Each structure stands twice: as structure tokens, then as C-alpha cells.
Amino acid sequence: MPENPSGAPLEQRLARVETRLREAERRFHRPPGAVQLLPVSKTRPAADIARVARAGYHAFGESYLQEALGKQQELAALGLEWHFIGPIQSNKTQAIARHFDWVHSVDREKIARRLSAQRPPQLAPLNVCLQVNISGEASKSGCTPDELPALAAGVSELPGLRLRGLMAIPARESDFGRQRAAFRRLREARDALNAAGLALDTLSMGMSGDLEAAVAEGATIVRVGSDIFGPRK
Ligand SMILES: *Cc1c(COP(=O)(O)O)cnc(C)c1O
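Report on the accompanying structure. (Residues numbered from 1 in each chain as written. Predicted model: local features only at pLDDT ≥ 70, side-chain atom pairs only at ≥ 80, totals over all residues. Heavy atoms only, no water.)

Let us now look at the packing of aromatic side chains. Summed over the entire model, instances satisfying the criterion amount to three aromatic pairs. Centre to centre, the rings of Phe28 and Phe176 are 6.1 Å apart; their planes meet at 25°, and the pair counts as stacked. Of this pair, Phe28 sits in the loop between α1 (10-27) and β1 (36-39) while Phe176 sits in helix α7 (residues 176-195), placing them 148 residues apart in sequence. A relative accessible area of 16% places Phe28 in the buried class. Ring geometry for Phe84 versus Phe100: centroids 5.3 Å apart, planes at 85°, classification edge-to-face. Of this pair, Phe84 sits in strand β3 (residues 81-84) while Phe100 is found in the loop between α4 (93-99) and β4 (102-106), placing the two residues 16 residues apart along the sequence. (Phe/Tyr/Trp six-rings, centres within 6.5 Å; stacked < 30°, edge-to-face > 60°. Helix = DSSP H or I, 4+ residues; strand = E, 2+ residues; numbered from the N terminus. Buried < 20%, exposed > 50% of the residue type's maximum accessible area, 1.4 Å probe, protein only.)

Take a look at the structure:
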């Protein structure tokens, strides 16, 4: 079996992440399988995606459009589901609307309107999460918590989109309690939108370094790259 540069074979790393996730579900009283593991395959070759697909995964997260489109073509026979999780410029919306099943990183109405208008009518509406800048970092993408209610209300009306939930990439934090506090803010934002009449079923939060804290706070999708595929260059 070919080795990853980081040491353990991909299948072993994947199994370790699965164990972490199932243990976190148990520890925090989530139903078994309540949290979907989304392997994040940005910068990884198609061959590695195919190996993870053989291990039972059908959905993959990508951040860079051109790279993703190439791998989608190579792997077309596998019928995979693709999630766009990177920053979105206006000139990328048409290809994203055509070639992805989910977008986790919508953070302004202009982008949402373009994605909706450009979604091919023969496809199901594009599943969308709104990215929220939950830690208030100036450098991060995401709408502010203050902007969220109006953005969510607007996006929920767009016919080409299906608003599913919220996504965040909190500031890197090693303390478990602080990791949880950031994810809790995203969950509370989701709960407030649902109380106002939306029906959001998705919290996309948690990565290699903080997936346990995200599971504790109600994540339904964790997005894991390096702990599955090895460190990125
Ligand atoms: C790269 C990336 C991930 C995965 O991060 P790891 O720390 O490698 O697990 C998750 N979400 C987004 C939005 C990313 O860009």
C-alpha cells in the first residue's frame, strides 16, 4: 500500500478520524452517525480521493475551483458529491453553480443571487450554508453575526438555492472550552434563525484540530483535511 508523505497510510488516518468522531458523538450524547465526516481534499490528487471513496465516502470538500474541476472530471465515473468550501469571487459563481452540490461559504447576497440565477434548472437547488465570521477576525471571510438575519432571509427566498445552515472557521484555539464557546455562538445563531421561522438543519463546523468541540456543540458536518490526507505543503 502506498504511503502518504506524513507516515501512516491514508486508510489508517481515515479510520483514526472516524474513531475520534464516533467517540465524540458518544461522549457528547449525539446519536451515532449524527455527524457527517466531509473529507476536505483541496491540494490532494484525485488518486487519494478515489482511495477515500473506496473506503465508503461519497462527498468531498474543495476550496480551489480550477483544481476541483479537474479532479471532478478525472473522477466523474465515481458519481461523487462535491462541496465548495472556499472563498467565492463573482467570476467563479457560474462554474460553482454548475459543478457543485453544496456551497458552505456564501457570505453576501450578491454571490447568493448569482449562484441562484446560474444554477441550471435541470439540477436540484444548490444546498447552501452561510459562512459567519464568528470570531470577529478582520482577515476572515464570513458575514458578521449582525448581518446574518437579513442575509439568511434574503437567501432563503432564492429559487435556485436551498438554505441548509451555517458554517464557520473560528480563530485557531487550543483550549477546548474556548473552542466550544466559538462553536456555541454559531449554534445559537442557527437556533435564533430557526426560531424566526427558517428550518436550518446544518451546522458545518469543526476541522482536524477542533472537531470534538464542534461535535459537542451540535455540528452536523465536520470538514477534515490534514488528519485524513496528511499535512498540506
Ligand atoms: C482546509 C479547510 C478545512 C480542513 O482543514 P484541516 O485543518 O486540514 O482539517 C476545513 N474547512 C475549510 C473551509 C478549509 O478551507
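Take the pattern of salt bridges next. Any two side chains of opposite charge can pair if their charged atoms end up close together. With the rule as written, the count across this model stands at 14 salt bridges. In this structure, Glu25 engages Arg22 in a salt bridge whose closest nitrogen and oxygen atoms are separated by 2.9 Å. Within this pair, Glu25 and its partner Arg22 are both found in helix α1, separated by three residues, close to a single helical turn. Judged by its relative accessible area of 32%, Arg22 falls in the partly exposed class. Where salt bridges share partners, they join Arg180, Arg184, Arg187, Arg190, Asp191 and Glu217 into one cluster. (Salt bridge = Lys/Arg side-chain N within 4 Å of Asp/Glu carboxyl O.)

Residues of strand β2 (residues 59-62) alternate between two faces, with Ala59 and Gly61 on one and Phe60 and Glu62 on the opposite face, all of them buried. In this structure, β2 lies alongside β3, joined through four bridges in parallel fashion. When the bridges of β3 are listed, Gly61 appears paired with His83. Each parallel crossover has a hand, and for β2 linked through helix α3 (residues 65-74) to β3 it is right-handed. (Pairing = 2+ DSSP bridges. Right-handed = clockwise from strand over helix to strand, strands pointing away.)

For the rest of this paragraph, the subject is the site of the ligand. Around the ligand, the surrounding shell consists of Val40, Lys42, Ser63, Ile85, Ile169, Met207, Ser208, Arg223, Val224, Gly225, Ser226 and Arg232. One of the side-chain nitrogen or oxygen atoms of Lys42 is found 2.6 Å away from an oxygen atom of the ligand. When the ligand sits alone it has 390 Å² of accessible area, and the protein chains cover 89% of it. Comparing atom positions with the cavity grids shows the ligand to sit within the largest pocket. Here the residues of the shell around the ligand are counted per class, giving five nonpolar, four polar and three charged. (Near = heavy atom within 4 Å. Polar contact = N/O pair within 3.5 Å; in protein donor to acceptor, adjacent residues only side chain to side chain. Areas by Shrake-Rupley, 256 points an atom, 1.4 Å probe, with all protein chains shown as cover. 1 Å grid on protein atoms, 1.4 Å probe; cavity = no way out; pocket = protein on both sides within 12 Å on 5 of 7 lines; lining within 4 Å. Sits in = over half its atoms within 2 Å of the grid points. Nonpolar A, V, L, I, M, F, W, Y, C, P; charged D, E, K, R; others polar.)

Below, the discussion takes up the packing of α1 against helix α2 (residues 46-54). Taken N-terminus to C-terminus, the directions of α1 and α2 make an angle of 55°; their axes are 10 Å apart at the nearest point. It follows from the interaxial angle that α1 and α2 lie oblique. Judged by the twist between their axes, the crossing of α1 over α2 is right-handed. Between α1, through Leu10, Glu11 and Leu14, and α2, the contact on the second element is made entirely by Asp48, Arg51 and Val52. Within the contact of α1 with α2, the residues separate by chemical class into three nonpolar, no polar and three charged. (Axes fitted to C-alpha atoms, helices over the stretch in contact; angles between N-to-C directions. Parallel < 35°, antiparallel > 145°, perpendicular 65-115°, else oblique. Left-handed = near helix turned anticlockwise from the far one by under 90°. Contact = heavy atoms within 4.5 Å.)

Read these as spatial facts, not as claims about activity.
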